[in-house]
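# Structure assessment
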Amino acid sequence: MGNGILKNGKKGLVAMAIILIAFWLHSCKTGEKVAVEKSGAELWSEQCSRCHNMPDPTTYSDDKWETVSMHMKVRANISTKEIELIKQFLQSANGD
Ligand code: HEC
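The notes below deal with the structure included here. This structure is a prediction, so every number in the text was calculated from the model and none was measured.

### Some points on the overall build of the protein
Secondary structure assignment for the protein yields four helices and zero strands. Each helix (α) and strand (β) of the protein, taken in turn from the N terminus, gives the series α-α-α-α. Expressed as a percentage of the 96 residues in the protein, the buried residues total 11%. Taking the contacts inside the protein whose residues are at least 6 apart along the sequence as the reference set, 73% of them involve residues at least 24 apart.

See below:
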């Protein structure tokens, strides 16, 4: 008799633990989603307008953007990942 209750109790505890872990994993995933990556275009409009007017993508050719990106990465302290996205956006939007 008492044995049966104990078993159920244990099952309940395991189920509870699984639910808690599921929630925990889920909340971690949600946390990641909140910090979701911005697009190159978004980063461009945010980052590249801090010090001067937003540079028009059509101003430079692909390889000029390569150089400018490296220059502004250092100058503006932009992460490698972000400057890469900005550069890709600029290069894709310049019509070359
Ligand atoms: C921390 C301030 C700052 C930020 C942020 C910044 N720039 Fe600049 N940018 C400058 C300054 C200062 C110059 C003047 C030229 C120099 O630095 O030699 C300049 C010049 C430029 C020029 C002219 C060409 C050249 O290389 O000198 C371009 C194009 C340019 N920036 C693009 C960008 C882009 C694209 C971004 C975003 C990734 C950006 N900038 C972000 C400060 C900044």
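Anyway, onward from the coordinates.
### Let's talk about the site of the ligand
The environment of the ligand is made up of 13 residues, and the closest members are Cys48, Arg50, Cys51, Met72 and Ala76. Split into classes, the residues belonging to the shell around the ligand amount to eight nonpolar, three polar and two charged.

### Things to note about the nonpolar core
Membership of the largest hydrophobic core is limited to six residues, which are Leu43, Trp44, Trp65, Leu85, Ile86 and Leu90. Among the elements that take part in this core, helix 4 (residues 80-93) stands out by supplying three residues, more than any other. Setting aside anything within four residues of it in sequence, one finds Leu90 in contact with Trp44, Pro57 and Trp65.

### Examining unusual backbone geometry
Phi angles above zero are rare outside glycine, and Asn77 is one such case at about 55°. Residue position: Asn77 is located in the loop between helix 3 (62-76) and helix 4.

### Notes on helix 4
With 14 residues, helix 4 extends 20 Å from end C-alpha to end C-alpha; this agrees with the ideal 20 Å at 1.5 Å per step. Taken together, the buried positions of helix 4 are occupied by Leu85, Ile86, Lys87 and Leu90. Buried residues along helix 4 sit in contact with helix 2 (40-47) and helix 3. Following helix 4 by one or two positions, Gly95 has its phi on the positive side, about 80°.

### Concerning the packing of helix 3 against helix 4
When two helices pack together, their arrangement is captured by the angle between the axes and the distance separating the axes. Running from amino to carboxyl end, helix 3 crosses helix 4 at an angle of 150°, the nearest separation of the two axes being 10 Å. The orientation of helix 3 relative to helix 4 falls into the category roughly antiparallel. Of the two possible hands of crossing, helix 3 and helix 4 adopt the one that is right-handed. Where helix 3 approaches helix 4, its residues Asp62, Trp65, Glu66, Ser69 and Lys73 are matched on the opposing element by Ile83, Ile86, Lys87, Leu90 and Gln91.

How each quantity is defined
- Residues numbered from 1 in each chain as written.
- Predicted model: local features only at pLDDT ≥ 70, side-chain atom pairs only at ≥ 80, totals over all residues.
- Helix = DSSP H or I, 4+ residues; strand = E, 2+ residues; numbered from the N terminus.
- Buried ≥ 20, exposed ≤ 12 C-beta atoms within 10 Å, placed from the backbone.
- Contact = placed C-beta atoms within 7 Å.
- Near = placed C-beta within 6 Å.
- Nonpolar A, V, L, I, M, F, W, Y, C, P; charged D, E, K, R; others polar.
- Core = buried A, V, L, I, M, F, W, Y, C linked by C-beta atoms within 7 Å.
- Expected span 1.5 Å × (residues − 1).
- Axes fitted to C-alpha atoms, helices over the stretch in contact; angles between N-to-C directions.
- Parallel < 35°, antiparallel > 145°, perpendicular 65-115°, else oblique.
- Left-handed = near helix turned anticlockwise from the far one by under 90°.

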